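Here are the chains, one letter per residue:
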2 protein chains.
Amino acid sequence: MENLSDTAAGWGERRDSALLTDYYEITMLYGFWKYGRHEQQACFEYFFRSLPPHNGFALSAGLEQFLDFLRHFAFNPSDLAYLGQQGFEPEFLEYLAHFKPDFDLWAVPEGSVVFPNEPLIRVEGPLGFLQLLETILLNSLNYPTLVATKAARVCYAAEGDPVMEFGLRRAQGPDGGLSGARAAIIGGCVGTSNVLAGKLYGAKILGTHAHSWVMSFESETEAFRAYAKAFPNNITLLVDTYDPVNSGIPNAITVFRELRAQGLNPRGSIRLDSGDLAKLSKEAWRLFREAGFENPSIVASNELDEDLIADLKRQGAKINSWGVGTNLITSRDYPALGGVYKLVAIHEAGGWEPRIKISGNITKITDPGRKRIIRYYDHENHPLADLLYLEGEPVQQGRVKAYDRENLQKEITFRADHYTELSQKMAEGGKFTVAPVSLPELQARAQANLTCFPDEYRRLRYPQTYDVFLSPEAARVKHTLLEANGFYRTEAAGKEE
Amino acid sequence: MENLSDTAAGWGERRDSALLTDYYEITMLYGFWKYGRHEQQACFEYFFRSLPPHNGFALSAGLEQFLDFLRHFAFNPSDLAYLGQQGFEPEFLEYLAHFKPDFDLWAVPEGSVVFPNEPLIRVEGPLGFLQLLETILLNSLNYPTLVATKAARVCYAAEGDPVMEFGLRRAQGPDGGLSGARAAIIGGCVGTSNVLAGKLYGAKILGTHAHSWVMSFESETEAFRAYAKAFPNNITLLVDTYDPVNSGIPNAITVFRELRAQGLNPRGSIRLDSGDLAKLSKEAWRLFREAGFENPSIVASNELDEDLIADLKRQGAKINSWGVGTNLITSRDYPALGGVYKLVAIHEAGGWEPRIKISGNITKITDPGRKRIIRYYDHENHPLADLLYLEGEPVQQGRVKAYDRENLQKEITFRADHYTELSQKMAEGGKFTVAPVSLPELQARAQANLTCFPDEYRRLRYPQTYDVFLSPEAARVKHTLLEANGFYRTEAAGKEE
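Residues numbered from 1 in each chain as written. Chains lettered and ligands numbered in written order. Predicted model: local features only at pLDDT ≥ 70, side-chain atom pairs only at ≥ 80, totals over all residues. Heavy atoms only, no water.

*Asks:* Report on the overall build of chain A, specifying residues and quantitative values.
*Replies:* Of the regular secondary structure elements, chain A holds 16 helices and 21 strands. Taking the principal axes of the C-alpha coordinates as reference, chain A spans close to 85 × 60 × 50 Å. Every one of the 497 residues in chain A was classed for burial, and the buried ones make up 65%. When contacts within chain A are restricted to residue pairs at least 6 apart in sequence, those whose partners lie at least 24 apart make up 73%. Across chain A, the 52 positively charged side chains and the 64 negatively charged ones have centroids separated by 4 Å. (Helix = DSSP H or I, 4+ residues; strand = E, 2+ residues; numbered from the N terminus. Buried < 20%, exposed > 50% of the residue type's maximum accessible area, 1.4 Å probe, protein only. Contact = heavy atoms within 4.5 Å. Lys, Arg positive; Asp, Glu negative; His and termini not counted. Charge placed at Lys NZ, Arg CZ, Asp CG, Glu CD.)

Okay, structure coming up:
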């Protein structure tokens, strides 16, 4: 397909978006600049703390959109004028105008199976610029990862039937629909109704017709005939505008028979968008088979999610393709992944110093230091556990020692056959060292990564928990910093007053 | 403030987005065009069928973004090239290239209090074009209306305290954050952290600093001093990076005292982002008062929503301003408003013919005909009920007869003091007859509209239900169409076989 993206730059591309950030990122950048600390080398990592409920894994997505933002990062003149109106001094605006992003970046590629507390992105560079990246990074990654994960569940429930993403009209804003559609395809959907996602990302676009098509004609049969006239070789007729069993399905069969009489060979394809999808699909199947259509295509939509699809499957619904809208595009039962971006090290005179964020809530204590993710496998290539290693620490082979993130005294030992490193270096000195990956490739990669995990991690309810441990050195550094910050000697608040 | 929007056109503006639509809108447009039916005059209406749980009202938002899309509607050459790749014939692409939107539009202004089944937008014009509008209209209106409604609840719970929108990092994509921030301000938030929302919509932008600011310095006190150096006259210090009571709050007080010693007059302002917000805020209040800060500003954030704010208020938390992120920007407990866009009439040779969509589910049966919304009030200007009238039907005054939408036999009579019409004509022949309204004006309008409704409609749980009825003529036409479509003579499905 011809590449249209150059001529299409505009809506949907991450351009003109340097100000798409929380104001405090800019006040902090100003503060660092004012204090002469903006060029201090720092290291930040992106991770999320917990999976959506009932999820055994997450599927990473959104990276390319973040990189697209980085590739075109600049404050344009109107951005600077706006910041000037907020009272920032001209020297600071001048500094922003000539801002040259300079950073190294490591990331887990899109379509990877990932888990809580893993540094999916690590960025090193000047403190001021890295701080500025926080909001757009979180915004670019959190939502697509959520939708790709949901899509993987929905496709798993559909047991190989094609699943189509139909959510644009209920998405949270135009871009919810756009990056949501892209993430849904990474997660396994065969296509989307979103035409702009088709144009910008090369996604397959799909669609039938609406009730309004039928209502705009004097009769349902006339409406079906008119649609068949426009698309004689490939139509799916929506049969529930008035009454599917007594009107829609028989009228659709009439029109498909007329197409046959014209020498065409329609499969017989309908969509059901309301009512009892199990019962109606079985009835439709029976009527089409009686009319001589051996293998009709029955598409279902209407409030579908992974649970309802699994249930309809169990009840023997004769549905062979699924259109999933609202519940996928908004991840309705869990609409926000709580990803965070935390400072893990600062480069002081003596070299890299790890930093920790303490919290009364033990799950919110960060893992200090610049980290890599190593995934260990057994000899059948099934993942065993992931370990977070510090940069420069030798990776263990064979017999592996690991430590519990929240209880560092707990040592775990296991034997591994081999390992892979999850994150890759993607930029150095602000220059990208990787090219964008096409959407079909991302989908294939996600599929390969998912099937590598045994079924118990993909169960829709109470899946097996996959372990993420600290390496010996990561555990030692965390312990040292906890001790130095008085973590092991808590006093009840206010008792000393 | 200088208007920056002309130079800023790009990300966030609804340009280059003619393809931001479901594919079936384009296949239907093609079908209508192929059948010579695309110029048929039609009328579509936008409405939603139910409120989010526990809600007594909704607050309309998103209209201006939809109108911005309409004002700039065009297929650009790369859009047409993409559609050509999908197999559409050159004559159709030629037709799209010279597409001149021509329509009349009525809408309920943004910031109106609205209810289920009310036609918030009514569009009349050529069938093909109106069909094409469906997806972008739904996408533009559903999400902002949801967030404006949520924001109104959150602000109601905060009892007049300032509420700030902080959700960009957890929003569903960049535009979720952008149109969400705009809607939150319409709903009553005093400002947003989203800088681009500030630039594009003139929203007030707000922000403090992050934990990473503190962690990047050798000590918390040094970090606070550095921030005070950058913003000596107006800082809010985040005090929970390590330990609020034993470290953060005392260190903040130290720095505010140093500012006093320099002759400045800080109020003493902190933010709490974790822990027990009620307990910590009371402790902070006590410590600041003891240190001679009479009226400290205590900002709270962290997983806030209307219920938690109401609870903290009941427990006497000493919080005087609230930062609300994830739960507002995603409307976490109900992330999608199920708004729909339905054909209600077709202009045939004999004039306007009302159309109905039948469903086994009675709440899904549409109200046929081109409609207006009339709101009746008592002599104290409290709304009594809304009636949906057909276009051209005389509006009743004084003693009003109304009909239940779902049970047309049920006649309701009430006495009204006066009425207003909710929707306004906003475009004629594709030309807009209204100018955009500024965000502060929209916020003020919403506030005025909300306070017009007695408190029982705004209760956070089990609010009073407000009635939307059909006018005598709207009820008569609906009854006639139900009868004509066999609604009153249902046969059990499949029994005749």
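*Asks:* Report on the UniProt feature "domain: Nicotinate phosphoribosyltransferase C-terminal" (unreviewed entry) in chain A, specifying residues and quantitative values.
*Replies:* Taking the numbering used here, the UniProt-annotated feature "domain: Nicotinate phosphoribosyltransferase C-terminal" (unreviewed entry) corresponds to residues 370–477 of chain A. Taken end to end, residues 370–477 of chain A comprises 18% helix and 36% strand; its first and last C-alpha atoms sit 11 Å apart. (UniProt positions renumbered as here; feature names shortened; annotations may be inferred.)

*Asks:* Talk me through the interface of chain A and chain B; I want residue IDs and the actual numbers.
*Replies:* With 120 residues of chain A at the contact, the number on the chain B side is 121 residues. Here chain A and chain B share ten salt bridges between them. Notably, a salt bridge pairs Lys199 of chain A with Asp79 of chain B, separated by 2.4 Å at the nearest N-O pair. Applying the counting criterion to the chain A and chain B interface returns 50 residue pairs in polar contact (both at pLDDT 80 or more). With ten residues, helix α2 (residues 23–34) of chain A is the single largest residue contributor to the side of chain A that touches chain B. (Salt bridge = Lys/Arg side-chain N within 4 Å of Asp/Glu carboxyl O. Polar contact = N/O pair within 3.5 Å; in protein donor to acceptor, adjacent residues only side chain to side chain.)

*Asks:* Can you tell me about the packing of helix α10 (residues 220–230) of chain B against helix α11 (residues 244–261) of chain B, naming the residues and giving the values?
*Replies:* Residues and elements named next belong to chain B. Contact geometry for α10 and α11: axes closest at 9 Å, N-to-C directions at 40°. Considering the angle they form, α10 stands oblique to α11. Along this stretch, α10 crosses α11, giving a crossing that reads as right-handed. Residue-level contacts link Glu220, Thr221, Phe224, Arg225 and Ala228 of α10 to Ser247, Gly248, Asn251, Ala252, Thr254, Val255, Glu258 and Leu259 of α11. Residues of the contact of α10 with α11, tallied by class, amount to five nonpolar, five polar and three charged. (Axes fitted to C-alpha atoms, helices over the stretch in contact; angles between N-to-C directions. Parallel < 35°, antiparallel > 145°, perpendicular 65-115°, else oblique. Left-handed = near helix turned anticlockwise from the far one by under 90°. Nonpolar A, V, L, I, M, F, W, Y, C, P; charged D, E, K, R; others polar.)

*Asks:* Outline the UniProt feature "domain: Nicotinate/nicotinamide phosphoribosyltransferase" (unreviewed entry) in chain A, supporting the account with residue identities and numerical values.
*Replies:* Per the UniProt annotation, the sites labelled "domain: Nicotinate/nicotinamide phosphoribosyltransferase" (unreviewed entry) are residues 163–346 of chain A. Helix makes up 45% of residues 163–346 of chain A and strand makes up 15%, while its end C-alpha atoms are separated by 46 Å.

*Asks:* Which residues make up the pairing of strand β5 (residues 121–126) of chain B, and what values go with them?
*Replies:* Residue and element names in this part refer to chain B. Most of β5 sits inside the fold, with six of its six residues counted as buried. Where strand β1 (residues 41–48) and β5 come together, six bridges link them in antiparallel fashion. In the sheet register, Ala42 faces β5, and the bridge partner there is Gly125. Sheet analysis places strand β3 (residues 104–107) next to β5, joined by four bridges and oriented antiparallel. (Pairing = 2+ DSSP bridges.)

*Asks:* An account of the sheet that holds strand β12 (residues 339–348) of chain A is requested, with residue identities and associated values reported.
*Replies:* Residues and elements named next belong to chain A. Taken together, seven strands build an open sheet; the order of strands is β13-β12-β1-β5-β3-β19-β20 and the sheet is antiparallel. Strand pairing shows two members of the sheet lacking a second neighbour, β13 (351–354) and β20 (431–432), which therefore form its edges. The sheet strands contacting helix α3 (residues 63–71) are β3 (104–107), β5 (121–126), β19 (424–428) and β20, and the helix crosses β3 at an angle near 170°.

*Asks:* Just give me the short version of the packing of aromatic side chains, but keep the residues and values in it.
*Replies:* Residue and element names in this part refer to chain A. The tally for this structure, following the rule as stated, stands at 72 aromatic pairs over all chains. A ring pair is formed by Phe73 and Phe129, whose centres lie 5.5 Å apart and whose planes are at 75°; its orientation type is edge-to-face. One end of the pair, Phe73, is in the loop between α3 and α4 (77–85); the other, Phe129, is in helix α6 (residues 127–157), with 56 residues separating them in the sequence. The same class applies to Phe73 and to Phe129, which are both buried. On the numbers, 4.3 Å between centres and 25° between planes, the contact of Phe115 with Tyr466 is stacked. Linking Phe115 in the loop between β4 (113–114) and β5 with Tyr466 in the loop between α15 (439–451) and β21 (468–470), this pair joins segments that are 351 residues apart in sequence. It is Arg182 that lies over the ring of Tyr201; its NZ or CZ is 5.7 Å from the centre. (Phe/Tyr/Trp six-rings, centres within 6.5 Å; stacked < 30°, edge-to-face > 60°. Lys NZ or Arg CZ within 6 Å of the ring centre and 35° of its normal.)

*Asks:* Now, about the relation of the copies chain A and chain B: what can you tell me, with residues and values included?
*Replies:* Its rotation angle being 180°, the transformation that places chain A on chain B also includes 0.0 Å of axial translation and leaves an RMSD of 0.0 Å. Overall, the copies show the geometry of a two-fold rotation axis. When each C-alpha of chain A is compared by its distance to the rotation axis, Asp175 of chain A comes out closest, at 2.5 Å. (Least-squares fit on C-alpha atoms with pLDDT ≥ 70 in both.)

*Asks:* I'd like a description of the nonpolar core, backed by residues and values.
*Replies:* Grouped together as the largest cluster of nonpolar side chains are 316 residues, with contacts concentrated most on Phe66 and Leu105 of chain A together with Phe66 and Leu105 of chain B. Mapped onto the domain boundaries, this core takes at least three residues apiece from domain 1 (5–148 + 334–484) and domain 2 (149–329) of chain B. Excluding anything up to four places from it in sequence, Leu105 of chain B contacts Phe66, Leu67, Leu70, Ile121, Arg122, Val123, Gln424, Lys425, Met426 and Ala427 of chain B. Core analysis: the next-biggest nonpolar cluster, separate from the first, contains twelve residues, Ile374, Tyr376, Tyr389 and Phe469 of chain A among them. (Core = buried A, V, L, I, M, F, W, Y, C linked by side-chain atoms within 4.5 Å. Domains from an automatic or database assignment.)

*Asks:* Can you lay out the environment of Ala151 of chain A for me, pointing to particular residues and giving the numbers?
*Replies:* Residue and element names in this part refer to chain A. Secondary-structure assignment places Ala151 in helix α6. C-alpha of Ala151 to C-alpha of Phe432: the two residues are 281 residues apart in sequence and 29 Å apart in space. Apart from residues lying up to four places away in sequence, Ala151 is in contact with Ala184, Gly187, Cys189 and Leu328.

*Asks:* Give me the lowdown on the sheet that holds strand β12 (residues 339–348) of chain B, citing residues and values where you can.
*Replies:* Residues and elements named next belong to chain B. In space, the seven strands of this open sheet follow the order β13-β12-β1-β5-β3-β19-β20, with antiparallel pairing throughout. In this open sheet, the two edge strands, each paired with only one partner strand, are β13 (351–354) and β20 (431–432). Of the pairings in the sheet, the one linking β12 to β13 comprises four bridges and is antiparallel in character. Each residue of the ladder has a partner; that of His347, found in β13, is Trp352.

*Asks:* Can you break down helix α5 (residues 90–97) of chain B residue by residue, with the values?
*Replies:* Residue and element names in this part refer to chain B. Phe92, Leu93, Tyr95 and Leu96 are the residues of α5 that are buried. Across the axial projection of α5, the buried residues extend over an arc of 155°, all falling on one side. Residues of α5 that are buried make contact with α2 (23–34) and α4 (77–85). (Arc of directions from axis to C-beta.)

*Asks:* A description of the environment of Asp175 of chain A should follow, citing residues and the corresponding values.
*Replies:* If you trace the backbone, Asp175 of chain A turns up in helix α7 (residues 173–186). Taking the C-alpha atoms as reference points, Asp175 of chain A and Ala197 of chain A, 22 residues apart in sequence, are found 9.9 Å from one another.

*Asks:* Pulling in residues and values, what's your account of the packing of helix α6 (residues 127–157) of chain B against helix α13 (residues 306–314) of chain B?
*Replies:* Helices that pack against each other are described as a pair by the angle of their axes relative to one another and the distance between those axes. Residues and elements named next belong to chain B. At a minimum axis separation of 8 Å, α6 and α13 run at an interaxial angle of 5°. Between α6 and α13, the crossing angle belongs to the class labelled roughly parallel. Residues Lys150, Arg153, Val154 and Ala157 of α6 touch α13, and the partners they reach there are Glu306, Ile309, Ala310 and Lys313. Looking at side-chain class alone, the contact of α6 with α13 contains four nonpolar, no polar and four charged residues.

*Asks:* Describe the pairing of β12 of chain A, listing the residues and the values that go with them.
*Replies:* Remark: a regular strand shows side chains that alternate across the two faces of the sheet. Residue and element names in this part refer to chain A. Most of β12 is tucked away: nine of the ten residues are buried. Here seven bridges tie strand β1 (residues 41–48) to β12, and the two strands are oriented antiparallel to one another. Bridge assignment links Tyr46 to a residue of β12, and that residue is Tyr341. Between the antiparallel neighbours β12 and β13 lie two residues.

*Asks:* I'd like to hear about the side chain of Lys150 of chain A, residue by residue, with values.
*Replies:* Residues and elements named next belong to chain A. Counting through the fold element by element, Lys150 comes out in helix α6. In this structure Lys150 comes out as buried when scored by relative accessible area, which is 6%. Filtering out sequence-adjacent residues up to four positions away, Lys150 remains in contact with Glu306, Asn327, Leu328, Ser331 and Asp333.

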